[in-house]
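Chain by chain, the residues:
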Number of protein chains: 2
Amino acid sequence: MLDFTHDPARQSWVDSAQAPGTDFPLQNLPFGRFRRAGSGQALRMGVAIGDQILDLAAARVAGGWTEAEAAWLQPLARGDLNAFMAQGPVARRGLRHALSRALEAGSPAQARLAACLLPQDQAEMAVPCHIGDYTDFYTGIHHATTVGKLFRPDNPLLPNYKWVPIGYHGRCSSIGVSGQQLRRPIGQFKAPDAAVPSYGPCQRLDWELEMGVFVGQGNALGEPLGMDRAEEDWFGLCLLNDWSARDVQAWEYQPLGPFLSKSFGSTLSPWIVTQEALAPFRRPFTRPEGDPQPLPYLDSAANRAHGALDITLSVALQTAAMREQGLPPQVLMHSNAGDAYWTVAQLLAHHSSNGCNLQPGDLLGSGTLSGPTPAQGGSLLELTLGGKQPLTLANGEQRCFLQDGDTVVLRGRCEAPGAVAIGLGPCLGTVLPARHAESA
Amino acid sequence: MLDFTHDPARQSWVDSAQAPGTDFPLQNLPFGRFRRAGSGQALRMGVAIGDQILDLAAARVAGGWTEAEAAWLQPLARGDLNAFMAQGPVARRGLRHALSRALEAGSPAQARLAACLLPQDQAEMAVPCHIGDYTDFYTGIHHATTVGKLFRPDNPLLPNYKWVPIGYHGRCSSIGVSGQQLRRPIGQFKAPDAAVPSYGPCQRLDWELEMGVFVGQGNALGEPLGMDRAEEDWFGLCLLNDWSARDVQAWEYQPLGPFLSKSFGSTLSPWIVTQEALAPFRRPFTRPEGDPQPLPYLDSAANRAHGALDITLSVALQTAAMREQGLPPQVLMHSNAGDAYWTVAQLLAHHSSNGCNLQPGDLLGSGTLSGPTPAQGGSLLELTLGGKQPLTLANGEQRCFLQDGDTVVLRGRCEAPGAVAIGLGPCLGTVLPARHAESA
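Residues numbered from 1 in each chain as written. Chains lettered and ligands numbered in written order. Predicted model: local features only at pLDDT ≥ 70, side-chain atom pairs only at ≥ 80, totals over all residues. Heavy atoms only, no water.

1. Things to note about the relation of the copies chain A and chain B
Mapping chain A onto chain B calls for a rotation angle of 180° and an axial translation of 0.0 Å; the resulting RMSD is 0.0 Å. The symmetry that links the two subunits is that of a two-fold axis. Among all residues of chain A, the minimum C-alpha distance to the rotation axis is found for A:G257, at 2.2 Å. When the interface residues of chain A are mapped onto chain B, 98% of them again lie at the interface, so the same face is used by both copies. (Least-squares fit on C-alpha atoms with pLDDT ≥ 70 in both. Contact = heavy atoms within 4.5 Å.)

2. Concerning the pattern of salt bridges
Proximity of charged atoms lets side chains of opposite charge pair with each other. Evaluation of the coordinates by the stated rule reveals 46 salt bridges over all chains. Overlapping salt bridges, with partners in common, bring together A:D206, A:E208, A:D242, A:R246 and A:K262 in one network. (Salt bridge = Lys/Arg side-chain N within 4 Å of Asp/Glu carboxyl O.)

3. Regarding the UniProt feature "binding site: substrate" (unreviewed entry) in chain A
Residues and elements named next belong to chain A. Within the UniProt annotation, "binding site: substrate" (unreviewed entry) is assigned to Y138, R152, Q249, Y253 and T368. Topologically, Q249 is positioned in helix 8 (residues 246-252). Q249 gets classed as buried once you look at its relative accessible area, which sits at 17%. Setting aside residues up to four positions removed in sequence, Q249 forms contacts with S244, P258, S261 and K262. When you line up the elements, T368 lands in the loop between strand 22 (363-365) and helix 12 (380-383). Excluding its chain neighbours within four sequence positions, the residues that come into contact with T368 are G140, H143, E208, L209, E210, G378, S379 and E382. A polar contact of 3.1 Å, which involves the side chain of T368, links it to the side chain of E208. (UniProt positions renumbered as here; feature names shortened; annotations may be inferred. Helix = DSSP H or I, 4+ residues; strand = E, 2+ residues; numbered from the N terminus. Buried < 20%, exposed > 50% of the residue type's maximum accessible area, 1.4 Å probe, protein only. Polar contact = N/O pair within 3.5 Å; in protein donor to acceptor, adjacent residues only side chain to side chain.)

4. Regarding the UniProt feature "active site" (unreviewed entry) in chain A
This chain's UniProt record puts "active site" (unreviewed entry) on A:H143. By the element assignment, A:H143 lies in helix 6 (residues 141-151).

5. A few points about the side chain of A:S107
All names here are of chain A. Here S107 shows up in the loop between helix 4 (89-102) and helix 5 (110-113). Polar contacts involving the side chain of S107 include one to the main-chain carbonyl oxygen of R101, which spans 3.4 Å. Within polar-contact distance, the side chain of S107 engages the backbone oxygen of A102 at 3.3 Å. Filtering out sequence-adjacent residues up to four positions away, S107 remains in contact with W13, R101 and A102.

Written out as structure tokens, the structure is:
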């Protein structure tokens, strides 16, 4: 699966692509949707390179592409990532090869493409594609176990967990992009000792550290993908903050699952890192000894050989006071995407196994990706033991749940011997006070 | 709320609009998306009148409209119902008035509009608008009680039921229109006495009788609708068959709710009957004595006065054998939408109460609308006591759950003293055998 685009010796004529710690070297080339900040222009598709964005509409006009490359660029040039996703893995790989060559140091394309760059700090980003359906899974077994323990100390994992990739449908309309500012939701909740429920601003507002997977071509209704097509089909990944109102969730979720506790907003990082860029960071997928092996429809040799993804994830918090004090966000936890109990291919294969049609640009959340130790909780619910043990921050502030003005920053980074490290780009979101008129 | 469009003395120059038992008299005027069957044309918007469809693109070109009417028709003329929904209740009422006048017997518009009709039996219908998000509620308290009893005989209704309009996100991509043929889904399930789950064709395939509500203008993220705007905002209704794989559902639904047990297909009736057409069939909304009153954010004087809808619902079944024997579908049950525990306005108000943005064309399912007696179950699960007591059909066949070749027909009909009866148009769906390659 590795090819010349992963060669660590190759550098870009965009100098910042070689900056230490950059998320976007020549080996990454993720897709995002943007416009020049404040321009009010129509949204355009671009590829991140160092601290710049290559504008794909301008790049297509600049010429020098083969006929096939120009055809792949066509939907991107009109700002339509979904139509490019629908072209499938051949287009995804073909365009990656072309862009990697065009952006390589010494490429004759530099002369025509240098004018097609926009500095990322002059861009405003948008959700990268149309999301027709959003499904959130529950692949973080450490999260499921810790949260389960809060409710059922003797039986934290339900009997289906190791057999079924548990998931549920999420809300598309309120998905936003990094920088999203979310009003604290108002809702209905009931204290355990209260006789009747109350209605008011959420008191237990939380983040959840997830990854978001975008579907490529998908499948027709009634025609499951199967593991082999699923493995080829997923387009790429981003970070996903699945903001959660824990008090609302506890009261509403029986028997049909979370609803308003989640649908007030979900935040994505703006860049989709393709499965090709992630190829050097694939790992064997194994189950702990004694656990059941996946049923045949969720199993394949390729999945066992390299189904897992080695991505280091982290969450940092910057409170309003920290911003005033000039303090940077404080990292609260680290985990790794490789700890997920199900692989990306298994999610697509399971989702389509009943005939449900996946469509280009559909979003699949991983579920909260906590690590195995208590300090690696992927949410405040876990890190504070259900709000009972506050975190103390470096500036002395304490948090059980999020306060107004808090900014949450998710990050993801891939490193491997012999490979150039890549990152997912940050995912930021800030909590605004509840809407006053409704909080009465 | 009643106006001249409801006057029972008014008739249409389309004769079939006066046919006894028609769902589509002049007083109805529902919206649907269609094309001439087999034409491969782009989809168009139309309004049902008797056994005909008024083609709104053709009608706009035919002229004779005021400036405002022509503006309202503009998005409809290009097949875009969502954009018309976004114009809000003034447009919805204004166009209703104009169409009611134009289609009335004696109207001078007859000369130009007669050529804009297509017989319904020459049309193929489509899902009427783009559905950005689909939410399924659980307003049928008799359904919730009966199903709850199957699991918890002593405590059928969970403590939140009478406080929270319970709902969950559903799958948009697999929503189809009347006539949909659904492959029996394949899935994972576990018999109570089995050690491990199996994977294969669903053995407990069911229908659910629901209504689908379409959102009108909706609300911006972070800005709840509130009850008054919610009451004005909902655009109209159709029938919805929420096909359900009960064996898959039982195994997968803990703790995040139904997922693949529902997402293989959902079928809508093709015509959206507007809230204006339903005005004569509104009833006071009351709670049984001793039940809690809705919290203030789910309460309004208008909702108490006329929040409920008097719509008689029914489900009929035609098996493959019945089709061969020339037997019509056999009615299995009747219920009434007025038995729902929450009103349409309450669903919109609750859904947006956390700031979640509803968008034009979003679909809200009512949940299964069973009646109060055992014979009024809105699903086979209820009518057969969880599959333990088969139904015997008139031709001697028995059913616990659906067999391949079964066609399910939902119907809805509104009658009231002094009003012309209207109907929702039928919602048909047929079960195809499971996909062979996957059933191994």
